[in-house]
Amino acid sequence: MNTTATITTEITDEASAKLASLVGSEPQDTLTEYRPPTPIKRSQIRHWAVMSGDMRPLFLDLDYAEESPWKTIIAPQSVILHEERFDPEIDGLPGCKSVLSAAEIDWQQPIRMGDTLVSKTTVVDVQETATAAEGRTVTVVTDTVVNNPDGESIGNVLLTWDCYERGSAAHRGLYGERSAPHEYSEDDIDAIGAEYKEEQPRGADSLTGDAVSIGDELPCVLKGPTTRERYLTPGLIRWFWGHAQGVELQKKAPELFFQNENDAPEPIAGIDSSHHRAQRWGGLPGVLEVNGERVHWLVHLLMNWMGDAGFITHLSLTFPRSNMVGDITRSYGSVTAKNLDEGRAIVDLDVWQENQLGERVTEGTAQVAVPVT
Amino acid sequence: MASSTKEKGELTKGFGFETKSGKKGYGQITDEAVNALKSRIGVIRTRNEKEWELEEQRVSAGGIRRSAMSTGDYNPLYLDKDYAEQSPYGTLVCPPWTLTGIEVTNAARDGMPGLHAWFRETTLEWYQPVLLGDYVYSKGWLTEVHVVPSKTTGQAVIHSYENVGFNDRDEVIGRMYTSWHRAERQTSKKIARNQDMRGLAEYAAEDVEKIELDYAHEVRRGDQPRYWEDVEIGDPLPLVVKGPTNQAQRSVGEGGGGRWARGDPGDWSHCHSNAFKLWERHPGLPFVNEWGIPEVPLVIHNSNERCQRYLGLPGAYDAGYQRINWTVHMLSNWGGDLSFLSKLTIRFPTFNIMGDTTWSYGEVIGKRVDDERHIVEIEVWNENQLGHKVTAGTAEIILASKDAPEKALWPIPAKQPEPPPTPE
C-alpha cells in the first residue's frame, strides 16, 4: 500500500507563465457547461438560504416577499460570488491550493427570483512571490462583471486568489500556530446552541436611516461549527466526474490527481475532503474552510441589522487568516458614517469576523443603503 | 453524554447526542420504538411538494447531464439532443436509474433515530420513460417492520417500502420497492471487530491498466436494434467497469440518482442554526465527530477512518444506489436505444468499500412473450476486485421483434396504486 507521507505539488515556470499570459483576457471557461445561465429558481434561492443558514422569509416565502420593497423573493446578495467563471485550482494553476485573500464587491441591483445572470470573468492581474524556504505563491486577481440579459449591471466582483504549492511552507503557514482542529466540550456545544437562539433577525420592520447613528454596533451573527457536509453541492464538484471520464481526465491533466490510499488516482482536491485525509496526505493540521463562505455570513449580519428594505451596495474585505473546518465564526459591524442620498441613507460600516480563538479572520468595510422616513 | 461538565478531550465521541434535557434510549432497538414505527405501516407519504416546486423540478437537459456524468454513462441519449431526437424517445430522456428519485423516504430517516441503516434490496419497475420537460412526483408507504436475528448485527429491524412515481400527466411511471436493515451501531461494531475483515483495496500498476482497458473496451449498442429473436439463452452481456471509487467521485455519484436529476438540495443539508434545531428535535440523530461537533450521520459513510473506528468496517461503505446505476448502465449498453428496461431486482449482500472497483455482468437466462411484449430475462451481478459478488439480481428488458420492429416498447400498462395495507 502507498504510504507516502505528504503530497506536494509544484507551480512550474510553464504553468505560471501560462497564467500570466491570461492577464487581460477571459480564461477558458470550465464552469458554464455545469452552470449555464438559466433563470434563478425559487428552490435555488431556498438552497442558498439553507446552506448559509439565513432562513429569512424574504428568501423563502413568496407571499411575504411580494409585500417587501422588492416585490418578489430575492437571493442572498452574496451569491454573486458564485458567478466567477474561473477556478484557480483548475483553470489557473492545476493542482495548486488556492485561498481567497480579498474580495471587493459592488451591487447595483438585487438578484431576484427569475433573473438570469450573464457573467464574464477576466483575469486582471497575476503576481508571483517565491522564496526557497516558503515555496512559490502566485496571486491572481479576477474581475467578474455580472449583468442581466439586457446588459444592465447587477454587480461586479473583484477576487484575489493566493495560489500555493501544496505541502509548501507557505501553505502550512496558513494554519499559523494551530496544529489540530478545534475541539469542543459538551458545554461549548450547549453554549453555541443557546447563542443561536438569541439571534433576532429584522425583517419587514426595516431599519430606517433616522435610527442609525455613528458608532452603532450590529448584533453579532454566529456560524458554525462548520462541517464538511455542506460542500457536497453540484457546483463545487464538477471535475470529480467518475469512472471512465476520470481516467481520461487523468491522462490529460495528471497534475489534478494524486495516488490515494488504494494506490489509485484520485482528484487532488480529495485531500481536502476531511481532516483525516488532510493530515495523512497533506501533512497538515486539517482542512481549511473556504474563505468565500464568510461573505455569506457577513451578508447575513447586515441583513439581520437592516431588515428587508436594506440593500448592500459595496463590500471590501480582506481575509488575513484562514479558518479550519470545525471553527465557529462571529460576524461584527459598527457604523462609521451616514449620508443622505436621493431619499436613502447611505451608511458606511466597519465589518469584521472572529473565530472561536478570538482571531480576527476578516477585516473590511461595507456600504449599505437604507430607507429614510 | 452526561449532563455534567466534561473537559475538552473527554467527550464520548460517536453516535447519539444526549442533551441536557436528558433524552435517552436512542440508538437501541426497543419494543416501544419498533411499535412506534409499525404504527406508520400503510400511511401514505409524499414529499409535500407545492405546485411551484414541481414546476421547478421539470427535467432539464442540465439535470439529465449531471445524472449521466456522475454515473459515468455518457450515452448520447442523455447528452446529445440532436441524437436523442432521432431515437424512439424523440427527445432527451432521463437515465432509467433516476427512477430511484421517487423514493419518498427510506429507513435512514424513518423512525428510531440513532440506529444505522443499510440498504438490503430493491425492485424497480418501469412503465414509461421520463422525458425532457416532465416532472415526477411520488407517493410511498411503509409496508412491513419486523425484528430478526442477524449474524452481522446481533438483531436487526427490517423495514420495507413501496413507492409509486407519477409524471405531470398523473400517469404512473414506475415503482420502487425497498428493504432496509436497521441495527444498533455499538452491537454491529463489536461483532465486526471479532470477524476477519478484508482490508482496503490495493492496486498494482497492472491492476490499474486492466481497469483502464476494460473502460476502453466498453461496448454501447446505441441505435442498432437488438431483436428479441436474435437473443439466445446463455448470451453474456458485455461488462461495464466502475471505479476505483474515491472520496470525490462518491460525493458526486451517490447523489447521482433522481434527486440530482431534479436539482434540489440534499435531505441532509443542515448547518449552522438549522443543525442545532435538528439536534434539539432528534438528539439521537447526529454523529458527534472527533472534535466534539455534532454532524449529520451521513458523514460517517464517506470516511474510511470513521467507518473503521465507529462501525468496525474495513472502510467507507456505499449506500448501494450507485450499483443500481452501474447495473442499469450495463443493461442499456446491451439493449441499445430500441430496448426498454422494465424491471430490475437487486440485492446487496455486502458493501462496496471506498476504493473498490466494480464490474457489472449479465447473462440471458430466459425469453418470453407476454401480452405481445418480447421480454428477455437476465441474471445480473456485480463483482469487486477481490472476486466477491457484491450484488445479485435479475432484470427484464423488452426488445423489438422482427415481426413488428416499429412497435412501441412502452408504455406498459401500469399496475394502479393499490390502497396501502391497513396499519397493524
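Rules of the game
Residues numbered from 1 in each chain as written. Chains lettered and ligands numbered in written order. Predicted model: local features only at pLDDT ≥ 70, side-chain atom pairs only at ≥ 80, totals over all residues. Heavy atoms only, no water. Helix = DSSP H or I, 4+ residues; strand = E, 2+ residues; numbered from the N terminus. Buried < 20%, exposed > 50% of the residue type's maximum accessible area, 1.4 Å probe, protein only. Contact = heavy atoms within 4.5 Å. Pairing = 2+ DSSP bridges. Axes fitted to C-alpha atoms, helices over the stretch in contact; angles between N-to-C directions. Patch = residues over 30% accessible without salt bridge, like charges linked within 9 Å, V, L, I, M, F, W, Y side chains within 5 Å. Areas by Shrake-Rupley, 256 points an atom, 1.4 Å probe, with all protein chains shown as cover. Salt bridge = Lys/Arg side-chain N within 4 Å of Asp/Glu carboxyl O. Lys, Arg positive; Asp, Glu negative; His and termini not counted. Charge placed at Lys NZ, Arg CZ, Asp CG, Glu CD. pLDDT = per-residue confidence, 0-100.

K.L.:
Would you take a moment to explain the overall build of chain B for this structure?
P.N.:
Along chain B, the regular secondary structure elements total twelve helices and twelve strands. Buried positions account for 58% of the 424 residues belonging to chain B. In chain B, of all internal contacts separated by at least 6 residues, the share reaching a separation of at least 24 is 75%.

K.L.:
Looking at this model, I keep getting lost on the sheet that holds strand β5 (residues 172-183) of chain B. Mind explaining?
P.N.:
Whether parallel or antiparallel, the strands of a sheet pair through hydrogen bonds between backbone atoms. All names here are of chain B. Here nine strands make up an open sheet; going across it, the order is β3-β4-β5-β2-β9-β12-β11-β10-β6 and the pairing antiparallel. What marks the edges here is a single partner per strand, and that holds for β3 (136-150) and β6 (236-242). On average, each strand axis in the sheet is tilted by 20° relative to the strand beside it, whichever way the strands run. Relative to β5, strand β4 (residues 154-167) runs antiparallel, the two being bridged by ten bridges. Looking at β5, one finds that E162 is bridged to Y177. Contacting β6 and β10 (358-370), helix α7 (residues 205-216) runs over the sheet at an angle of about 125° to β6.

K.L.:
Help me understand the pairing of strand β2 (residues 118-131) of chain A, please; the structure alone is not making it clear to me.
P.N.:
Working note: regular strand, side chains alternate between the two faces of the sheet. When β2(A) meets strand β3 (residues 135-147) of chain A, the two strands line up antiparallel, connected through 13 bridges. Bridge pairing links A:T121 to A:T144 in β3(A).

K.L.:
I'm lost on the sheet that holds strand β10 (residues 344-355) of chain A in this one. Help?
P.N.:
All names here are of chain A. Reading across the sheet, the nine strands line up as β2-β3-β4-β1-β8-β11-β10-β9-β5 and stay open at both edges, with antiparallel pairing between neighbours. The open sheet terminates on both sides in strands that have one partner only, identified here as β2 and β5 (221-223). Looking at each pair of strands side by side, their axes are set apart by 20° on average, direction ignored. Pairing of β3 with strand β4 (residues 153-164) involves eleven bridges; the strand directions are antiparallel.

K.L.:
Explain a negative patch on the surface to me, please; I cannot follow it from the model alone.
P.N.:
Side chains of A:D61, A:D63, A:E66 and A:E67 sit close together on the surface and give a patch of like negative charge. For A:D63, a relative accessible area of 60% translates into the label exposed.

K.L.:
What am I meant to see in the confidence of the model for chain B here?
P.N.:
Detailed conclusions should not be drawn from predicted coordinates in areas where pLDDT is low. Residues and elements named next belong to chain B. On average, chain B scores 85 in pLDDT, and the residues at 70 or more come to 85%. Throughout residues 17-25 the model reports pLDDT below 50, and contacts reaching past four residues in sequence, or to other chains, amount to 19 contacts. Note on residues 256-265: pLDDT under 50 across the span, and 33 contacts to partners over four residues away in sequence or across chains. For this predicted complex, the interface score ipTM comes out at 0.87, while the overall pTM is 0.90.

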